[in-house]
Amino acid sequence: MKNVITVTGIRPDFIRMSEIFKKLDENFNHTLVHTGQHFDLLLSGVFFDELEIRHPDYNLEIGGVGKEHFHQMADLSVKLIELIREKDLKPDIILFLGDSNSVTSAVSLKKEGYKIGHVEAGMRSGDKRMLEEINRITCDHCSDILFVYHKNYQDKVLKENIDPDSIHVVGNTIVEVANKHRPISPSKRDKIILDIHRPENFKYKDRLLNIVEYSDTIAKEYGLPVYMLGFKRTLDHIKKFNIDLKDIKVIDLLPFKEYLNQIHHSLFIISDSGTAQEEPSLFNTPVIVPRDYTERPESVENNCSYMIDVNTSNNLTWKFSKVWLHSNPIPDVSWLGDGTTSDKVIKILKDKL
């Protein structure tokens, strides 16, 4: 049986890899490595129990209060290679998902001669100010097997002169996970969820102020409460800038199933998250995206989300977003795939290793 190591470190990656983890356990000698980038209960540990994922074989504990990205990247490159050597793991492939700091260790591993696989390859925003953009490009160009969600991502990596035979279209991992944990209660549509945690938004007072103004204004138009997820860095900057949240209520971060439940009961959400441009569409919940660029333009093109400009207040994108919401947009989710991604990944790994 072939040896597969998965390296995962943040909340979205645990969720998106949850079904793949289980099938790797069934078909390979699978070693699950938690980098420890997200280290508190709600951002990592709770998902192992909630999504019925077995606990990791190793935790490298690269996260911690005050640790910056370069500390994490340096620690991970050293600790991961030392772990592989000390435990004599002999991986036939090391598998990553996404664009977190975890994937940057692909550089050191590739130089050591290990084979690399990247799930969620080919995603591009075109904005290298985003740390994630640098991470995902780096991992793609170190990878021997690239699992892309759809043909658009395939086309993007082909333009970067990556070997066509290494690229495989498999669909989005989130579909089968969201469908498995889908709430069964009737949707109430009695709230708006606000999810702001990207540095491009929370680090800049004007942008943060404009997001609050947009959220509060549109909530009053619909007569609905706004619940803002309490990301610490965002709340710290709200306090630093002395921003009045008006009628917006801050709530604790949510476990995944409760997050899906809240999406299910939201009229729409306002979010700068990348993954939030995908899951809500599976619940027919529109998404307003306060960002300048997106690595998921397909979400906009398929009526799943609408991007607004928050560099200035009350601009035309704000007006048009309200027209879009009032049109009761019906999302086309075909771009996310058919919900068989984990099976496709396993089959390709069996064929290639």
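Details of the structure are given in the entry above.
No experiment lies behind these values; they were computed from the predicted model shown.

Criteria and thresholds
- Residues numbered from 1 in each chain as written.
- Predicted model: local features only at pLDDT ≥ 70, side-chain atom pairs only at ≥ 80, totals over all residues.
- Heavy atoms only, no water.
- Pairing = 2+ DSSP bridges.
- Helix = DSSP H or I, 4+ residues; strand = E, 2+ residues; numbered from the N terminus.
- Axes fitted to C-alpha atoms, helices over the stretch in contact; angles between N-to-C directions.
- Contact = heavy atoms within 4.5 Å.
- Buried < 20%, exposed > 50% of the residue type's maximum accessible area, 1.4 Å probe, protein only.
- Expected span 1.5 Å × (residues − 1).
- Bend = angle between axes of the 7 residues up to and from the residue.

### A word on the sheet that holds strand 10 (residues 249-251)
As summarised here, the arrangement of the six strands in space is 10-9-8-11-12-13, forming an open sheet in which the pairing is parallel. Each having just a single partner strand, strand 10 and strand 13 (305-308) make up the two edges of the open sheet. On average, adjacent strands in this sheet sit at an angle of 25° to one another, irrespective of strand direction. Here strand 9 (residues 226-229) pairs with strand 10 via three bridges, running parallel. Across the sheet, residue Leu229 finds its bridge partner in strand 10, namely Ile251. The strands that helix 11 (residues 256-264) touches are strand 8 (191-195), strand 9 and strand 11 (266-271); relative to strand 11, the one it contacts most, it runs at about 115°.

### Let's talk about the sheet that holds strand 5 (residues 116-121)
With parallel pairing, seven strands are arranged side by side in an open sheet as 3-2-1-4-5-6-7. At either end of the open sheet lies a strand with only one pairing partner, and these are strand 3 (58-59) and strand 7 (167-169). Looking at chain direction, strand 2 (residues 29-34) and strand 3 are connected through two bridges and run parallel. Each bridged residue has a counterpart across the sheet, and for Val33 the counterpart in strand 3 is Tyr58. Seen against the sheet, helix 5 (residues 131-142) touches strand 4 (93-97), strand 5 and strand 6 (145-148) and runs at an angle of roughly 135° to strand 5. Contacts from helix 6 (residues 151-158) reach strand 5, strand 6 and strand 7, with the element oriented near 165° to strand 7.

### What to know about the pairing of strand 8
Burial runs high along strand 8: five of the five residues are buried. The sheet contact formed by strand 8 and strand 11 spans five bridges and is parallel. In the strand pairing of strand 11, Leu194 is matched with Ile270. Sheet topology note: the strand 8/strand 9 ladder contains three bridges and is parallel. By the bridge assignment, Leu194 is partnered in strand 9 with Met228.

### A short note on helix 1 (residues 11-27)
With 17 residues, helix 1 should cover 24 Å at 1.5 Å per step; its first-to-last C-alpha distance of 24 Å lies within 8% of that length. When the local axis directions of helix 1 are compared, the greatest deviation, roughly 55°, occurs at Ser18. Burial analysis of helix 1 places twelve of its 17 residues in the buried class, the great majority of the element.

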